[in-house]
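# Breakdown of the fold
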Amino acid sequence: MGKKQAPGRIQSFALYAVLTLGSVAMLMPFFWMISTALKTESDIFTIPIKWIPQKIVFDNFTRAFEVVPILKYMFNTFVMAVLKIGGEVFVSALVAYGFARYQFKSKNVLFMILLATMMLPYEVTMIPTFIIWSNLGFSDSYVPLVLPAYFGSATFIFFLRMYFETFPRELEESAVIDGARPIHIFVRIFIPLSKAALMTIALWSFMGTWNDLLGQLIYINSPSKYTIQLGLASFSNMTGETLWGPLMAASFVALLPIIFLLLFAQRYFTEGIKMTGIKG
Amino acid sequence: MNRQRTGFYFVLPWLIGFVLFTLFPLIAALYISFTEWSIIGNPVFIGAGNFVKIFKDPMFYESLWITVKYAIFAVPLTIATAFTVAVLLNNNLRLVGVFRTIYYMPAIVSGVAVAIVFKWVLDPNYGVINSFLAIFGIRGPNWLYDPNWVLPSYLVMAVWGASGGLLTYLVGLKDIPRELYESAEIDGAGTLRKIRHITIPMITPVIFYNLIMGLIAAFRKFTDAYILGGAGNQGTFYMVYLYDQAFSFYKMGYATALAWILFVIILTLTIIINVTRKYWVHT
């Protein structure tokens, strides 16, 4: 694909102007969050508003940490995400490999079923699944949120299948001649060659866990097991409208890991979109 | 080693998971939706009772209407915004990487924290938006505290989050053959005409994809609405109502019936859009 020619000077000035204006709008909520988190209470509630804190204080952070154990909640979420990622990525890749590189009876039917489950909203099975887990004694536990990941995720399988299908046939053929077993071909050839794609899937899995509210709301009750989303939600409910400073401080801390990911792993997010191959 | 069987073994973990976590709950969901069940005790079979009640339930209609209104405005707004940003970013600019990261942010940064931040941004007295309007002497609305302004509040958030779908458009734009533009230029077409007659028709597959995904996401909207609510119940989206029925009032049968209705709505919309595909989507 040929590179586009650079736009003319006036045109590029206009482009910069529009894009910068848009960026300011995009970043404004974050700027406002940080600015509020660093303000004194009296600076927060003044009209006209102060865009930049007159005096930078960290009281809101200490107060937020006093009211809610944010770091503990982040740690809980992190543990859950890590427990999930390994299984979700490995098993999804395994299944995708089976769909992509092997022929077997009922393969097409099974793949159609997989596609259908992608269309099926989680909400329909949500209530029965919850009842089943409660009857098995797993209410107020991470198990219902983590264990299903070890059976693969339909979306990830779908993307990885497309990805694995692009690999040339000769790749396994020579390995088969050398007498390698299928699982070895998968682990020693396909996994190393797919590091970027698997990283992308791992990131998606992490984001899914970090940002999920509904699932965690349903399964986790005791505050000691709260995730970051639940912790923030309950903090926001109990403070109502008054503690904007600490609320912004807590939100900021909760977003930090994600913002770091965005800055340092952007390549993998971009990779993921290419992998989906949405071209119609 | 039998290759037939090997492939099946690879797929087996997913198949087991499908039976345990999808097929079985699905059958259970079908049964539960025909019962009255408060989780404690046994479900009582009431036939189509839940569905009859739902169709007489004013809150069902209200939450559905709130969700439909949101979808009608949010989906086209989101598509138009993401498309515009993508076209702007598809130029050879030096800072394009920085801009892309900024605009792409909402795809990754979401959840409760963002909802809370927006509640503060939209605060009628001390929020950024109304303070900005005040500079021009405009008295901003009460946003989430005024029933008439709840929907616009959610639309502000939707537009902010729109460029999360940016990458799909950028990939689509990259796939448009350069020659199409070149021959249009020879014919003397300006930027706007090129966008109208080349870019938009060529990007319709991406729009199609985002239309379906956007509609599904709109009908399943939960997190923001759960955190933010809105005056006069105007923030009670369908999923919030469903969640409350199930987990605040423990009406498992009723909520499951609501979930099936949601499923049927989403499925019908997807099918309808798919039927229209051949009339407007470039192949």
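Residue numbers run consecutively from 1 along every chain, following the written order of its sequence. Throughout, the order in which chains and ligands are written sets their labels, letters from A for the former and numbers from 1 for the latter. Selection of residues for local features in this predicted model requires a pLDDT of at least 70, selection of side-chain atom pairs for listing and counting requires 80 or more, and totals for whole chains, interfaces and linings are taken over all residues.

### Quick look at the overall build of chain A
Tallying secondary structure elements over chain A gives 15 helices and 0 strands in all. As a reference, a globule follows 2.2 Å times the number of residues to the power 0.38, and the radius of gyration itself is taken over C-alpha atoms. Its C-alpha atoms give chain A a radius of gyration of 24 Å, more than 25% over the compact-globule value 19 Å for 280 residues. Here chain A, with 280 residues, has 38% of them falling under the buried criterion. Helix and strand definitions here come from DSSP, where helices need a minimum of 4 consecutive H or I residues and strands a minimum of 2 consecutive E residues; each element is numbered from the N-terminal end. Here a residue counts as buried when 20 or more other C-beta atoms sit within 10 Å of its C-beta, as exposed when there are 12 or fewer, and as partly exposed otherwise, the C-beta atoms being derived from the backbone.

### Notes on the interface of chain B and chain A
If you look at the interface, chain B gives 78 residues, while chain A gives 83 residues. Looking at the side of chain B that touches chain A element by element, the count peaks at 20 residues for helix α1 (residues 3-32) of chain B. Side-chain classes follow a simple rule in which Ala, Val, Leu, Ile, Met, Phe, Trp, Tyr, Cys and Pro form the nonpolar group, Asp, Glu, Lys and Arg form the charged group, and the remainder, Gly included, forms the polar group. Across the side of chain B that touches chain A, the residue classes break down as 57 nonpolar, 16 polar and 5 charged. C-beta atoms are placed from the backbone for every residue, and two residues are taken to be in contact when these atoms lie within 7 Å.

### What to know about the environment of F13 of chain A
Among the secondary structure elements, F13 of chain A is positioned in helix α1 (residues 9-37). Remark: the alpha-carbon pair of F13 of chain A and Y268 of chain A, spanning 255 residues in sequence, is separated by 31 Å.

### Re the packing of helix α8 (residues 166-174) of chain B against helix α10 (residues 191-219) of chain B
Helix-helix packing: each pair is described by the crossing angle between the helix axes and the interaxial distance. Residues and elements named next belong to chain B. In contact at an axis separation of 9 Å, α8 and α10 are set at 160 degrees when each is read in the N-to-C sense. By the angle between their directions, the pair α8 and α10 is classed as roughly antiparallel. Relative to α10, the crossing made by α8 is right-handed. Across the interface between the two elements, T168, Y169, G172 and L173 from α8 touch I203, P205, V206, Y209 and N210 from α10. Axis geometry follows a simple rule: fit a line to the C-alpha atoms, using only the stretch in contact for helices, then measure angles between N-to-C directions, giving values from 0 to 180 degrees. Between 65 and 115 degrees an angle is taken as roughly perpendicular, under 35 as roughly parallel, over 145 as roughly antiparallel, and anywhere else as oblique. Crossing handedness is defined as follows: a turn of the near helix away from the far one that is anticlockwise and smaller than a right angle gives a left-handed crossing, while the clockwise case is right-handed.

### Details of the domain arrangement of chain A
All names here are of chain A. As used throughout, domain bounds are those supplied by an automatic or database domain assignment. By the assigned domains, chain A splits into domain 1 (9-57) and domain 2 (69-240 + 248-276). Inter-centroid distance (C-alpha atoms) of domain 1 to domain 2 is 35 Å. Contacts between the two partners involve 4 residues from domain 1, matched on the other side by 4 residues from domain 2.

### Focus: the confidence of the model for chain B
Residue-level confidence of the predictor, termed pLDDT, takes values from 0 up to 100. Averaged over every residue, the pLDDT of chain B is 92; residues scoring 70 or more account for 99%. This prediction of the complex comes with two scores: 0.91 for pTM and 0.89 for ipTM.

### Some details on the nonpolar core
All names here are of chain A. Only buried Ala, Val, Leu, Ile, Met, Phe, Trp, Tyr and Cys residues enter a nonpolar core, and they are joined through C-beta atoms within 7 Å. By size, the foremost hydrophobic cluster in this structure holds 144 residues, and its most contacted members are I127, L160 and A250. Each of domain 1 (9-57) and domain 2 (69-240 + 248-276) contributes no fewer than three residues to this core. The contacts of L160, once residues within four sequence positions are left out, are S92, A93, A96, A197 and I201.

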